[in-house]
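Structural characterization, general
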Amino acid sequence: MDQPGSAIVVGVGPERGLGAALATYFAEKGLHVFIVGRSEEKLNHVVQLIQKVGGAATSIIADVTVEQDVAQCFGVLRERGDVIRVAAYNVDSNISAPFLQTDVKTFTTLWQQNCLGAFLFAKEIMAIMQTQQQGTVFFTGATGSLRAKPPFTAFASAKAGLRALAQGLAREFSPRGVHVVHTVIDGVIDGDRARSQFPEYVEAKGQEGLLQLEDIVQTYWAIHQQPRSAWTHELDLRSFKEPF
């Protein structure tokens, strides 16, 4: 970066996960990265990894579905006083359930984590970035953002809501200098969660059948660097082997 600044990544979990990968990459680019999640142990581990390679990071424990937590989180950012160059809402909570077995609690939880949290996050980050008249905000979506497929109907409805939120924000805040991006991750990411939860699927996809973290984060950064005359709002990412 030509100038110093900060980044914030919400939804940071395991070391081999998209949130941690984004945070590490942004730190490599010289930004002070605020990483937000619910697990103190995982956050501290990612901070140590970033610091080990010379980067700077601050962990913030927060439940982004709770308005007070989100406000306190952004209070930490405001206290530092940096220009926030890039922000990412990367919460991706999913529960598999056939529709008639989906209860109100499951449906509500998925909506809160994937959509309501993004709304609370957006209220804070847009207020900052419209004042700055600059910055990039990423919302990480999924295949379900575009089409619902059982047994993930509840998840898809939440991700579709996230997509609509991102569209509205882009139309309102792009003229104010804020680049709003919705990314559709169409496939499975080669990370800790996939390898621990469904290793047989990972094995069946074979070499280069999964999305690689390093490649995803490079794409995010390339979008962040786009000139204002040619901004991308929505893009989809998938392995070349992935059917669509």
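Whatever comes next refers back to the structure up there.
Read on for a plain summary of the structure. In this text, all values refer to a predicted model and were calculated from it rather than measured experimentally. (Residues numbered from 1 in each chain as written. Predicted model: local features only at pLDDT ≥ 70, side-chain atom pairs only at ≥ 80, totals over all residues. Heavy atoms only, no water.)

**Quick word on the sheet that holds strand E1 (residues 6-10)**
Within a beta sheet, neighbouring strands are joined by backbone hydrogen bonds and run either parallel or antiparallel to one another. Cut-off, in case you're wondering: Only strands that DSSP links by at least two bridges are regarded as paired with each other. Segments assigned H or I by DSSP are reported as helices when at least four residues long, segments assigned E as strands when at least two residues long, and all are numbered from the N terminus. The axes are straight lines fitted to the C-alpha atoms, using for helices just the contacting stretch, and the angles between their N-to-C directions are given from 0 to 180°. Two residues qualify as a contact provided that any one of their heavy atoms is within 4.5 Å of a heavy atom in the partner residue.
An order of E3-E2-E1-E4-E5-E6-E7 is seen for the 7 strands of this open sheet, with the pairing classed as parallel. Each edge of the open sheet is held by one strand with a lone partner, namely strand E3 (56-61) and strand E7 (234-237). Mean inter-strand twist for the sheet, computed between neighbouring axes without regard to direction, equals 20 degrees. Where strand E6 (residues 179-185) and E7 come together, 4 bridges link them in parallel fashion. Looking at E7, one finds that Thr 183 is bridged to Leu 235. Across the sheet, helix H4 (residues 104-132) is in contact with E1, strand E4 (84-89), strand E5 (136-142) and E6; its angle to E4 comes to roughly 170 degrees.

**Remarks on the nonpolar core**
Note the following rule: For the purposes of this section, nonpolar cores are sets of buried Ala, Val, Leu, Ile, Met, Phe, Trp, Tyr and Cys residues that join through side-chain atoms within 4.5 Å. With a 1.4 Å probe rolled over the protein chains alone, any residue whose accessible area is under 20% of its type maximum counts as buried; one over 50% counts as exposed, and the rest are partly exposed.
Counting residues in hydrophobic clusters, the biggest one holds 34 residues, and the most contacted among them are Ile 8, Phe 74, Phe 121, Ile 125 and Phe 139. Those elements that provide at least two residues to this core are E1, strand E2 (32-37), helix H3 (67-80), E4, H4, E5 and helix H5 (153-173). Among the elements that take part in this core, H4 stands out by supplying 9 residues, more than any other. Excluding its chain neighbours within four sequence positions, the residues that come into contact with Ile 125 are Ile 8, Phe 74, Ile 84, Ala 87 and Val 137. Grouped together as the second largest cluster of nonpolar side chains are 33 residues, Val 12, Leu 18, Val 47 and Ile 216 included.

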